[in-house]
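Here is how the chains run, residue by residue.
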Amino acid sequence: MSDFLLPDDIVNLARRVVEENAAAGRKIALAESCTGGLVAAAITEIPGSSAVLDRSLVTYSNEAKQAELGVASDIIEAFGAVSVACVYAMARGALERSDADVAVAISGIAGPGGGSETKPVGTVVFARLEKGQDEPEAEDRLFEDTGRSGVRRQATLCALELLLP
C-alpha cells in the first residue's frame with residue numbers, strides 16, 4: 001500500500017521534479033490558481049521536497065493575483081485572469097518574491113461553469129520563467145472537459161512537466 005494521498009502518475013512525476021531539480025541544484029516556486037495548490041501538494045508528497053520547493057502561492061481570486069504576485073489590474077481587465085499576459089505576470093511575481101530559480105504559473109477554467117465561447121471549460125494557461133530569462137515561456141491548453149477534477153488533474157500533470165529541468 002502506498003503512503004501517498006495523490007494518484008501514482010502525479011506522485012511519480014512529482015518525484016522526478018524533486019529528484020531532477022535537486023540534482024541540478026535548482027529551487028522552484030509556484031503561482032497556482034485553478035489547481036488550488038495541487039502542484040505544491042504533489043511536490044510535498046515526496047521526501048526531500050524541502051530542498052527544491054521554495055514556495056507556492058495559491059492566488060485564486062483576481063485580488064490575490066494583484067496583491068500577492070503584483071499582477072496589474074489592467075492586465076486582468078484587458079485580457080482576463082485566464083490569459084498568457086496574466087500567467088506571465090504571475091510567474092514573474094512568483095520568481096521576484098522567492099529564492100527560486102524557476103517559477104511556473106497556472107490559471108484556468110476548471111468548470112463546470114465559467115467557460116465562454118472564446119475560453120471554454122478546460123482552458124488552462126501556463127507560464128514558466130527562469131531566473132535571468134527576459135520573457136517567460138507560455139502555453140495555453142484546452143483539456144478535454146472531464147469534469148472539474150479531471151481538468152485540475154490534467155493541469156497539475158502539465159505544470160509538473162514544466163518544472164522538469
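Before any of the text, the structure's been laid out above.
Predicted, not measured: the structure shown is a model, and the values here were computed from it. Residue indices follow the written sequence of each chain, beginning from 1 at its first position. Side-chain atom pairs in this predicted model are given and counted only at pLDDT of 80 or more, local residue features only at pLDDT of at least 70, and totals for whole chains, interfaces and linings cover all residues. Each side-chain value is worked out from all heavy atoms of the structure, with water and hydrogens disregarded.

(A) Spatial organisation of the pattern of salt bridges. A carboxyl oxygen of Asp or Glu within 4 Å of a side-chain nitrogen of Lys or Arg is what we treat as a salt bridge. All told, the structure shown has seven salt bridges when counted by the stated rule. For Glu130, the salt bridge identified is with Arg128, shortest N-O distance 2.8 Å. Burial here depends on accessible area, computed with a 1.4 Å probe over protein chains only, as a share of the maximum for the residue type. Under 20% is buried, over 50% is exposed, and the range in between is partly exposed. A residue is classified by how much of its surface remains accessible, and Arg128, at 8% relative accessible area, is buried. Where Arg141 meets Glu139, a salt bridge forms, and the shortest distance between an N and an O atom there is 3.4 Å. The exposure class assigned to Arg141 is partly exposed, which follows from its relative accessible area of 34%. Assessed through its relative accessible area of 28%, Glu139 is described here as partly exposed.

(B) Geometry of the nonpolar core. Here, nonpolar core means buried Ala, Val, Leu, Ile, Met, Phe, Trp, Tyr and Cys residues that are tied together by side-chain atoms lying within 4.5 Å of each other. Core analysis: the largest hydrophobic core is formed by 33 residues, its most contacted members being Ile43, Phe126 and Leu160. Every element with two or more residues in this core is listed here: helix H1 (8-24), strand S1 (28-32), helix H2 (38-44), strand S3 (102-108), strand S4 (123-130) and helix H6 (148-162). What counts as a helix is a DSSP run of H or I of at least four residues, what counts as a strand is a run of E of at least two, and both are numbered from the N terminus. The dominant element in this core, judged by the number of residues it contributes, is H6, at seven residues. In this structure, Phe126 is in contact with Val87, Ala105, Ile106, Glu137, Ala138, Glu139, Arg141, Phe143, Ala155, Cys158, Ala159 and Leu162, ignoring residues within four places of it in sequence. Of all hydrophobic cores here, the second largest spans 24 residues; its members include Ile76, Val87, Ala94 and Val121. Two residues form a contact once any of their heavy atoms are found within 4.5 Å.

(C) Up close: the pairing of S1. S1 sits mainly inside the fold: five of its five residues count as buried. The two faces of S1 match: Ile28, Leu30 and Glu32 on one face and Ala29 and Ala31 on the other face are all buried. For two strands to count as paired, DSSP must find a minimum of two bridges between them. Alignment of S1 against strand S2 (residues 53-58), held across five bridges, turns out to be parallel. Of the residues in S2, the one forming a bridge with Ala31 is Leu57.

(D) Local environment of helix H5 (residues 84-96). Multiply 1.5 Å by the residue count of a helix minus one, and that product is the helix's expected span. Compared with the 18 Å implied by 1.5 Å per residue over 13 residues, the 18 Å span of H5 between its first and last C-alpha is a close match. For H5, the full list of buried residues reads Cys86, Val87, Ala89, Met90, Ala91, Gly93, Ala94 and Leu95. Among the structural elements, S1, S2, helix H3 (62-69), helix H4 (73-79), S3 and S4 are those in contact with the buried residues of H5.

(E) Representation of H3. Looking only at H3, the buried set comprises Ala64, Lys65 and Leu69. For H3, the arc enclosing every buried residue in end-on projection is 105°, short of the 170-degree limit, so these residues lie on one face. Of the exposed residues in H3, the ones pointing more than 90 degrees away from its buried face are Glu63 and Ala67. Structurally, H3 contributes buried residues whose contacts are with S1, S2, H4, H5 and S3. Following H3 by one or two positions, Gly70 has its phi on the positive side, about 75°. Arc, as used here, means the arc of the directions from the helix axis to the C-beta atoms.

No statement about biological role is implied by the geometric values presented.
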